[in-house]
Amino acid sequence: MEKEKLLERLVDEFLQDNNEKIFAQILSLICEDVINLAYSFTYNLEDAKDIFQEVSLKIYRGLKKFKKRAKVTSWIYRITVNASIDYLRKRRSSSELKEEYIKSNDIISDIERKDKERILKKAVERLSPQQKKVFILKHYHHFKICKISQILGCSESSVKTHLTRAIENLRRLVKCV
Amino acid sequence: MCLSKKELILFFYKEVDEEKLAYYKRHLESCKKCLMRFKEIEKFLLSLKKEKIALSEEEKEELIRNVLSKIEVSSERIKIFDRIREKFIFLARLSLAGVAVFLCIFFFWQAKKSQDKEFSILETEMILSSKELDEITVFDEEDLENEVLFFASFPY
């Protein structure tokens, strides 16, 4: 909560002064959260760092037009979630990981190797974008459902439904392998 | 009545109000079936762990430095683009003013031209009609007299 207030204050100062030092302070404050959130989607630290850079640039450009309709943190998390999903989409379209995630044989071989964590990661990857977003924000980042609805711009009941379906799908995916 | 999957999941995350929380707790104490289902969900969700990324101060600083340098480059580009855009806008305004002046002169010239043309036509017509008056012949005078007699032959 303190962090959120500090962030709001820094954003106000930045909007008045447009000072790079203040922006650096903002980045320092959100750096770990953004990287952790991006990492939850990509499972790759370098990718998460790339996403952080992209998100930072978007924040820099967007802050000047930011009208404070939503909370700054919700806005930043929304940018991060969307940037992560876009990043995954681009990566997948480059077919680098396409086969790795789609082939069920791969999952079976993982079971044989009893690499449970890896299977779960892949199961998360197989969720729909909205289910993935909701699950990651709730389960890995412990956001309240009302906050998730703010970040994703949907209703709380929709978040609850996506969360339930995501967990059902994850259980099914893990069971079937 | 047994709890739904959704209710069990929301109970796991403590995303229900106090009243419901107490109700679900009581229900799970009394219903073995629901308790078993809840334990399964709980076990599954607890198994989904994720390591938290902790960055060193140096890593953070490097990342932020990179971002700031990118911002600097992009703002330089934006400045150049703005300068080009300003020049373009100035040139566009200048050419628009030029076109407007040209159109004004053109329309004025056209109007004057058509006025001169009308005057010259009127002048020619005037010359022609004065010539016609001068060239009235004897036959024309006879025709005129006949016409006068013809009209005079009527009783009134």
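Here, every reference points to the structure presented above.
Quick caveat, the model's predicted, so the values are computed rather than measured.

**Q** Can you walk me through the overall build of chain A in this structure?
**A** Scanning chain A from terminus to terminus reveals ten helices and zero strands. Sequence-ordered secondary structure for chain A, helices as α and strands as β, is α-α-α-α-α-α-α-α-α-α. Among the 177 residues that make up chain A, the fraction classed as buried is 32%. Considering only intrachain contacts with a sequence separation of at least 6, the fraction spanning at least 24 residues in chain A is 59%.

**Q** Teacher, can you tell me more about the overall build of chain B here?
**A** On a plain count of helices and strands, chain B comes out with five helices and zero strands. Starting at the N terminus, the α and β elements of chain B follow one another as α-α-α-α-α.

**Q** Honestly, helix α2 (residues 20–42) of chain A in this entry has me stumped. Any pointers?
**A** Since one α-helical turn is 3.6 residues long, residues separated by three or four positions face the same way. Helix length check: α2 of chain A, at 23 residues, gives a terminal C-alpha distance of 29 Å against a target of 33 Å (1.5 Å per residue), a shortfall beyond 12%. The positive-phi residue at the C-terminal boundary of α2 of chain A is Tyr-43 of chain A, with phi of around 55°.

**Q** Can you walk me through helix α4 (residues 57–134) of chain B in this structure?
**A** With 78 residues, α4 of chain B should reach 116 Å at 1.5 Å per residue; the first-to-last C-alpha distance of 114 Å fits that figure. Within α4 of chain B, only three of the 78 residues are buried, which leaves the element largely exposed. Among the residues making up α4 of chain B, those that are buried are Leu-63, Ile-64 and Val-67 of chain B. Next to the buried residues of α4 of chain B lie α2 and α3 (45–63) of chain A.

**Q** What is the right way to read the interface of chain B and chain A from this model?
**A** Each side of the interface is counted separately: chain B has 21 residues, and chain A has 29 residues. Broken down by secondary-structure element, the contributors of at least two residues to the side of chain B that touches chain A are α1 (5–12), α3 (32–47) and α4 of chain B. Among the elements that take part in the side of chain B that touches chain A, α4 of chain B stands out by supplying eight residues, more than any other. Here the residues of the side of chain B that touches chain A are counted per class, giving 13 nonpolar, one polar and seven charged.

**Q** Sorry, what's going on with the nonpolar core here?
**A** Core analysis: the biggest nonpolar cluster contains 50 residues, and Cys-31, Val-34, Ala-38 and Phe-52 of chain A have the highest contact counts within it. Taken domain by domain, the makeup of this core includes at least three residues from each of domain 1 (1–96) and domain 2 (103–177) of chain A.

**Q** Explanation requested: unusual backbone geometry in the structure shown.
**A** Excluding glycine, residues mostly carry a negative phi; peptide bonds, for their part, are mostly trans. All names here are of chain A. In this model, Tyr-43 sits at a positive phi of 55°, which is unusual for a non-glycine residue. Its 16 C-beta neighbours within 10 Å are what place Tyr-43 among the partly exposed residues. Residue His-142 is not a glycine yet carries a positive backbone phi of 55°. Relative to the helices and strands, His-142 resides in the loop between α8 (129–140) and α9 (145–152). For His-142, a count of 9 C-beta atoms within 10 Å corresponds to the exposed category.

**Q** Explain the environment of Phe-41 of chain A here, please?
**A** All names here are of chain A. Relative to the helices and strands, Phe-41 resides in helix α2. Of the residues examined, Phe-41 has 24 C-beta atoms within 10 Å and is grouped as buried. In this view, Phe-41 contacts Ser-84, Ile-85, Leu-88 and Ile-136; residues no more than four positions away in its chain are not counted.

**Q** Help me understand the environment of Lys-160 of chain A, please; the structure alone is not making it clear to me.
**A** Looking at the secondary structure, you find Lys-160 of chain A in helix α10 (residues 156–176). Placed 15 residues apart in sequence, Lys-160 of chain A and Ile-145 of chain A show a C-alpha to C-alpha distance of 7.4 Å. Not counting residues up to four positions away in its chain, the partners in contact with Lys-160 of chain A are Ile-145 of chain A together with Lys-6 and Leu-10 of chain B.

Quick notes on the rules
- Residues numbered from 1 in each chain as written.
- Chains lettered and ligands numbered in written order.
- Predicted model: local features only at pLDDT ≥ 70, side-chain atom pairs only at ≥ 80, totals over all residues.
- Helix = DSSP H or I, 4+ residues; strand = E, 2+ residues; numbered from the N terminus.
- Buried ≥ 20, exposed ≤ 12 C-beta atoms within 10 Å, placed from the backbone.
- Contact = placed C-beta atoms within 7 Å.
- Expected span 1.5 Å × (residues − 1).
- Nonpolar A, V, L, I, M, F, W, Y, C, P; charged D, E, K, R; others polar.
- Core = buried A, V, L, I, M, F, W, Y, C linked by C-beta atoms within 7 Å.
- Domains from an automatic or database assignment.

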